[in-house]
Amino acid sequence: MAKIRVIQGDITRQMVDAIVNAANPSLLGGGGVDGAIHRAAGPELLAECRRLNGCKTGDAKITKGYRLPASYVIHTVGPVWRGGAHQEAELLSSCYRRSLDIAEEHTCTSIAFPNVSTGIYGFPKELAAEIAIRTVNDNLERLLTIDEVLFVCFDQENYSLYQSHLR
Ligand code: AR6
């Protein structure tokens, strides 16, 4: 069964088969981790993203990783937090599930997730960590190619939350 690991760091530096991007529905880049991934991957990434015709909230689409150490980028679109009564939890869970599905379709053995929606999109970090860990845990047994799921936390608050939830 796949192992779950948590680290604090920059997702663009991770040597995994696929890194997940916290994108927006246009898939045409932005700030936060999205901006960092596009800068590190180079302009070829945006050119490929332009051909994808966007992505719905809760869904994910894959591209190559270009200049990144990772072979693939899985672009998922997290929900914007609007108080919690707009299916934010279900949509965030769907981001993690769909990203795992797509990674498996591409026979990835390792995948790294950022803390989707917890930056610019304002999702409460504690609830987001619970959802991310529960969704990955609930899907671990059915994963065939993935043997490592890495949570890459950028800020100390998320890192502490993940450490306590995974203990
Ligand atoms: N490596 C890992 N995590 C990072 C990095 C990095 N290099 N940089 C930031 N984070 P955010 P969202 C963390 O705002 O909330 C973009 O403009 C950050 O600390 O990147 O899903 C998109 O285009 C936070 O914990 O994504 C969308 O418009 C987490 O990544 C919008 O932001 C997510 O924060 C998406 O907002």
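Residues numbered from 1 in each chain as written. Predicted model: local features only at pLDDT ≥ 70, side-chain atom pairs only at ≥ 80, totals over all residues. Heavy atoms only, no water.

Draft legend 1. A look at the UniProt feature "domain: Macro" (unreviewed entry) in the protein. Mapped onto the present numbering, the UniProt feature "domain: Macro" (unreviewed entry) falls at residues 1-167. Between the C-alpha atoms that bound residues 1-167 the distance is 18 Å, and the span itself is 37% helix and 20% strand. (UniProt positions renumbered as here; feature names shortened; annotations may be inferred. Helix = DSSP H or I, 4+ residues; strand = E, 2+ residues; numbered from the N terminus.)

Draft legend 2. Main features of the packing of aromatic side chains. Summed over all chains, the structure comprises five aromatic pairs. Where Tyr96 meets Phe151, the ring centres are 6.4 Å apart and the plane angle is 55°; that geometry is what we call tilted. On the criterion of sequence distance, the pair formed by Tyr96 in helix 3 (residues 88-105) and Phe151 in strand 6 (residues 148-153) is long-range, its members being 55 residues apart. Note on accessibility: Tyr96 and Phe151 belong to one class, buried. An aromatic cluster is built from Tyr96, Phe113, Phe151 and Tyr162, whose rings are joined through pairwise contacts. (Phe/Tyr/Trp six-rings, centres within 6.5 Å; stacked < 30°, edge-to-face > 60°. Buried < 20%, exposed > 50% of the residue type's maximum accessible area, 1.4 Å probe, protein only.)

Draft legend 3. The arrangement of the environment of Glu105 in detail. Of note, Glu105 is situated in helix 3. By relative accessible area, which is 58% here, Glu105 ends up exposed. Through-space distance from the C-alpha of Glu105 to that of Thr145 is 8.8 Å; in sequence the pair is 40 residues apart.

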